[in-house]
Amino acid sequence: MAPSSSAKVNDIPVVKERASSPWRDAWRNFSKNKVAIMGLVIVVFFILLAILAPVIMPYDYAKTNLLDRLQGPSAEHWLGTDDFGRDILSRIIYGARISLWVGFSCVIGSVIVGCTLGILAGYYGKWVDIVISRIFDILLAFPSILLAIAIVAILGPDLQNALIAIAVINVPNFGRLIRSKVLSVKEEEYITAAKSVGMNDFRILFRHILPNSMTPIIVQGTLAIATAIIEVAALSFLGLGAQSPDVDWGKMLADSKQYLVQAPWTMIFPGLAIMLTVLGFNLMGDGLRDALDPKMKQ
Amino acid sequence: MFAYTIRRLFMLIPVLIGMSILVFSIIYLIPGNPAQIILGQRATVEAIAQVEQQLGLDQPWYIQYFDYVGGLLQGDLGTSIKTKVPISNEIYPYLAATIELTVVAIIIAIVIGVNAGIVSAWLHNSWFDYIAMIFALIGVSMPIFWLGLMEQYIFSVQLEWLPSTGRYDASTVITPITHLYLVDTLLQGNMAHFWDVSKHLILPGLALATIPMAIIARITRSSMLEVMRSDFIRTARAKGLNSFWVVYKHSLKNAVIPVLTVIGLQTGLLLGGAILTETIFGWPGIGRYIYDAINYRDYPVIQSGILLVATIFVMINLIVDLLYAAIDPRITYN
């Protein structure tokens, strides 16, 4: 009996399955979503544009040429020139560096601060939670761009301060998100087990709770980059962000305001660049949400 | 419900105190001497001392804070450094201009957004659905300051259909009653002026409405889709009710809660967006008032303007919260 049954078992062809992991599943879901992939392509395109800017810019983005000022799109200047005769395409390509850098660093800043505060509030509860949650409530009580304007009004108008302002206004969003996640994760059995074997709080918080609360942060982070890019552009548009000679899409739009009649291309293309980038991050964020957390799917 | 309302009002107190502290601190967080910064490098010692006294900077901070809050409670918002007029006397026309613009924008956003969402859900996966959702997606990704400029270029510069700046034509004379000019012109029965004011509202209203409209359309569509799949809708259809009636009466009623939440959340976006829209369209609202104050370093105006807008925002969120229970009997507050 025994040899024949083992032979039968050996006859069954072994189906080699690739080990399934949550991240691999998420990627499989994400890659099936055509719209999300389109978002990813747009984002990668602009990231490449930003990285390769010095190589692919047709002209020096800061080089003025008053003889060529306010020229329409042509073979020499594909997207035309601005009031100082600077090539708009080169400025948009270089502007991608600032816009993306600002978008990413704002969100990274708010994720670090927001997560730390949110984790402390959620894990320790009691007065720590009360104090931190009230701070979040107060920050959320202001319309976000208004709070950013107030912060820049205090610190003074420049790109660095605009970045800090946008990072601050996003802190409570991440803080609240991670706090609610921590509240549910900390009741899980593996956390009780970790506590019972005497693991210290720091290790529990950052090795166990944080990694298990990351999904919503990744989704929210991607969508927040889109908002941060618009918000920083808005501050620059109001003259509270990038200052000359920095080139930022929002500032390009601000400079184009007075040439609306003569040279509409100075306004159309920087705006399109902002819209496309933001659209890319939004599509990617929606796709990530559907892939990582099917329950949140709308 | 009554107990919940009272509790919700009490919960507002720490937020309002926190807001006042934050806004009060603005002047202390400025690096350097605020009076010097307000007046510039060439200011005389006497002038600096005078501004310090006006702002109460010669007192200890806690006395200044209690003076500030005491003033606020009595409606004293401080005095503008630029115009030397008490802010509470000059802020109302700006506030009214913003309220008019914001209300028009939210009405546009709700009417178009909710209907686009309903029809999209009704004609799920049709061309209308796809096109509406593409527009909604572009709408949420659009910087409104760019949209405003594009509108000006297309409708004012190219087509010359609509005015690009201001609240009414320079030749029009409107005697303000409420400072809400749509209301004022109607009260005065002057339809020509009413039309003039309406024309000036279209472009900024539309620019400001775009993002909330897109979000409302997306949320309405998804919550309608969910409701339309439910049993009671199937029953309503089985009983022979026509599609239009099922969609508008039965489904919409049940999809209103998520939509209401979005509308509440969007108010902040609208009030913030008003600053950008007002700058582009030369709209003399509170956003423009704060923006000009920043350029002039008129800190009392910055402080009071921000505090006022934030207070309005908090109040609207409170009202939306309370409305939930009124609209949806399934929600109870214990």
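The structure presented is a predicted model; accordingly, all values stated were derived computationally and were not measured.

Let us now look at the UniProt feature "transmembrane region" (unreviewed entry) in chain A. Residue and element names in this part refer to chain A. Listed under "transmembrane region" (unreviewed entry) in the UniProt record, and renumbered for this structure, are residues 35-57, 98-123, 135-156, 217-242 and 262-285. Summarising residues 98-123: 100% helix, 0% strand, and an end-to-end C-alpha distance of 37 Å. The distance from the first to the last C-alpha atom of residues 135-156 is 23 Å, and the span holds 82% helix and 0% strand.

The next thing to look at is helix α4 (residues 61-73) of chain B. Residues and elements named next belong to chain B. For α4, which comprises 13 residues, the first-to-last C-alpha distance of 18 Å matches the rise-based estimate of 18 Å (1.5 Å per residue) to within 8%. Within α4, burial applies to Gln64, Tyr65, Tyr68, Gly71 and Leu72. Along the long axis of α4, the arc covered by the buried residues comes to 130 degrees, so they all point the same way. In this structure, α4 carries Phe66, Asp67 and Leu73 as exposed residues pointing more than 90 degrees from its buried face. One or two positions beyond α4, positive phi appears at Gly75, with a value near 85 degrees.

Per the UniProt record, the feature "domain: ABC transmembrane type-1" (unreviewed entry) sits at residues 96-285 of chain A. The annotated region residues 96-285 of chain A carries 82% helix and 0% strand content, and the separation between its end C-alpha atoms amounts to 19 Å.

Here we come to empty space enclosed by the protein. All names here are of chain A. Considering all chains together, one arrives at one cavity of 30 Å³ or more under this definition. Size it by volume and the largest cavity reaches roughly 100 Å³. Surrounding the largest cavity, Asp82, Asp83, Arg86, Ile88, Arg91, Met252, Asp255, Ser256, Tyr259, Thr266 and Pro270 form its lining. Elements supplying a minimum of two residues to the lining of the largest cavity: α5 (88-124), α12 (249-256) and α13 (265-292).

Opposite the 44 residues of chain B that make contact, chain A presents 38 residues. Looking at the side of chain B facing chain A, the largest losses of area belong to Phe145, Trp146 and Leu149 of chain B, adding up to 18% of the total buried there. Linking chain B to chain A there are one salt bridge. The partner of Arg218 of chain B in a salt bridge is Asp286 of chain A, with the nearest N and O atoms 2.8 Å apart.

With that out of the way, let us pick up the confidence of the model for chain B. Mean pLDDT over chain B works out to 85, with 97% of the residues at or above the 70 mark. For this predicted complex, the interface score ipTM comes out at 0.85, while the overall pTM is 0.86.

A separate point is unusual backbone geometry. You will see that Leu70 of chain A, though not glycine, has its phi angle at about 50 degrees, which is positive. Residue position: Leu70 of chain A is located in the loop between α4 (53-56) and α5. With a phi close to 55 degrees, Arg297 of chain B is a non-glycine residue in the positive phi region. Examined against the element boundaries, Arg297 of chain B turns out to sit in the loop between α12 (286-296) and α13 (299-327).

Residues and elements named next belong to chain A. All chains considered together, the criterion is met by 13 salt bridges over all chains. Of the charged contacts, one joins Asp255 and Lys251 as a salt bridge, the two residues approaching to 3.0 Å between their closest N and O atoms. Placement of the pair is Asp255 and Lys251 together in helix α12, with a separation of four residues, close to one helical turn. Ionic contacts of the salt-bridge type, sharing partners, join the residues Asp82, Arg86 and Arg91 into one network.

Attention now moves to the state of the cysteines. Residue and element names in this part refer to chain A. Per the stated rule, a full pass over the model turns up zero disulfides over all chains. Here Cys106 is not cross-linked by a disulfide; its sulfur's nearest cysteine counterpart is in Cys115, at 15 Å. Since its relative accessible area comes to 0%, Cys106 is described here as buried.

Quick look at the packing of aromatic side chains now. Evaluation of the coordinates by the stated rule reveals 16 aromatic pairs over all chains. Considering the side-chain rings of Phe155 of chain B and Trp161 of chain B, the 6.1 Å spacing of their centres and the 40 degrees angle between planes classify their relative orientation as tilted. According to the relative accessible area criterion, Phe155 of chain B is partly exposed, its value standing at 25%. Positioned over the ring face of Phe237 of chain A is Lys257 of chain A, at 4.9 Å from the centre of the ring. Above the plane of the ring of Tyr181 of chain B lies Arg167 of chain B, whose end atom (NZ or CZ) is 3.9 Å from the centre.

Turning to the nonpolar core, a few remarks are in order. Among the nonpolar cores identified, the biggest contains 179 residues, and Leu235 and Ile274 of chain A together with Met19, Phe145 and Ile306 of chain B are the most heavily contacted of them. Looking at this core, you find at least three residues from each of domain 1 (2-73) and domain 2 (91-327) of chain B. In contact with Ile306 of chain B, not counting residues within four places along its chain, are Phe142, Leu146 and Ala150 of chain A together with Val23, Ile26 and Ile290 of chain B.

As a further point, take helix α7 (residues 144-158) of chain B. All names here are of chain B. Over its 15 residues, α7 runs 20 Å from end to end, which matches the ideal 21 Å to within 8%, given 1.5 Å per residue. Ile144, Phe145, Trp146, Leu147, Gly148, Leu149, Glu151, Gln152, Tyr153 and Ser156 are the residues of α7 that are buried. Of the residues flanking the end of α7, it is Glu160, one or two places downstream, whose phi is positive at about 55 degrees.

A few words on the domain arrangement of chain B. Residue and element names in this part refer to chain B. Each assigned domain of chain B is listed with its residue range as follows: domain 1 (2-73) and domain 2 (91-327). Each of domain 1 and domain 2 has a C-alpha centre, and these two points are 33 Å apart. Domain 1 puts 18 residues into the contact, and the matching count from domain 2 is 14 residues. Taken together, both faces of the contact between domain 1 and domain 2 bury some 1,500 Å²; the carbon and sulfur share is 78%. Three residues stand out in domain 1 for area buried against domain 2, namely Arg8, Met19 and Val23, and they jointly supply 29% of the buried area on that side. Where domain 1 packs against domain 2, one counts zero salt bridges. Elements supplying a minimum of two residues to the side of domain 1 that touches domain 2: α1 (2-29), α2 (34-39) and α4. A per-element tally of the side of domain 1 that touches domain 2 places α1 first, with 12 residues. Residue composition of the side of domain 1 that touches domain 2, grouped by class: 15 nonpolar, two polar and one charged.

Attention now goes to a nonpolar patch on the surface. All names here are of chain B. Taken together, the side chains of Phe2, Ile6, Leu9, Phe10, Ile13, Ile17 and Ile21 make up a nonpolar region of the molecular surface, amounting to roughly 680 Å² of accessible area. Locating Ile21 in the fold gives a position in helix α1. Ile21 sits in the partly exposed class, given a relative accessible area of 42%.

All right, on to the environment of Ile30 of chain B then. Here Ile30 of chain B shows up in the loop between α1 and α2. In this structure Ile30 of chain B comes out as buried when scored by relative accessible area, which is 5%. Setting aside residues no more than four positions away along its own chain, Ile30 of chain B makes contact with Ile154 of chain A together with Ile37 and Tyr299 of chain B.

Looking now at the environment of Thr210 of chain B. Residue and element names in this part refer to chain B. Within the secondary structure, Thr210 sits in helix α9 (residues 191-228). A relative accessible area of 15% means that Thr210 is categorised as buried. Each C-alpha atom of the pair Thr210 and Ile144 lies 7.7 Å from the other, and the pair is 66 residues apart in sequence. Residue contacts for Thr210: discarding those within four places in its chain leaves Gly139 and Leu147. Only 2.8 Å separates the side chain of Thr210 from the backbone oxygen of Leu206, close enough to count as a polar contact.

Definitions and cut-offs
Residues numbered from 1 in each chain as written. Chains lettered and ligands numbered in written order. Predicted model: local features only at pLDDT ≥ 70, side-chain atom pairs only at ≥ 80, totals over all residues. Heavy atoms only, no water. UniProt positions renumbered as here; feature names shortened; annotations may be inferred. Helix = DSSP H or I, 4+ residues; strand = E, 2+ residues; numbered from the N terminus. Expected span 1.5 Å × (residues − 1). Buried < 20%, exposed > 50% of the residue type's maximum accessible area, 1.4 Å probe, protein only. Arc of directions from axis to C-beta. 1 Å grid on protein atoms, 1.4 Å probe; cavity = no way out; pocket = protein on both sides within 12 Å on 5 of 7 lines; lining within 4 Å. Points joined across faces, edges and corners; volume = space filled by probe spheres on them. Contact = heavy atoms within 4.5 Å. Buried area = accessible area lost by both parts, 1.4 Å probe. Salt bridge = Lys/Arg side-chain N within 4 Å of Asp/Glu carboxyl O. pLDDT = per-residue confidence, 0-100. Disulfide = S-S within 2.5 Å. Phe/Tyr/Trp six-rings, centres within 6.5 Å; stacked < 30°, edge-to-face > 60°. Lys NZ or Arg CZ within 6 Å of the ring centre and 35° of its normal. Core = buried A, V, L, I, M, F, W, Y, C linked by side-chain atoms within 4.5 Å. Domains from an automatic or database assignment. Nonpolar A, V, L, I, M, F, W, Y, C, P; charged D, E, K, R; others polar. Patch = residues over 30% accessible without salt bridge, like charges linked within 9 Å, V, L, I, M, F, W, Y side chains within 5 Å. Areas by Shrake-Rupley, 256 points an atom, 1.4 Å probe, with all protein chains shown as cover. Polar contact = N/O pair within 3.5 Å; in protein donor to acceptor, adjacent residues only side chain to side chain.

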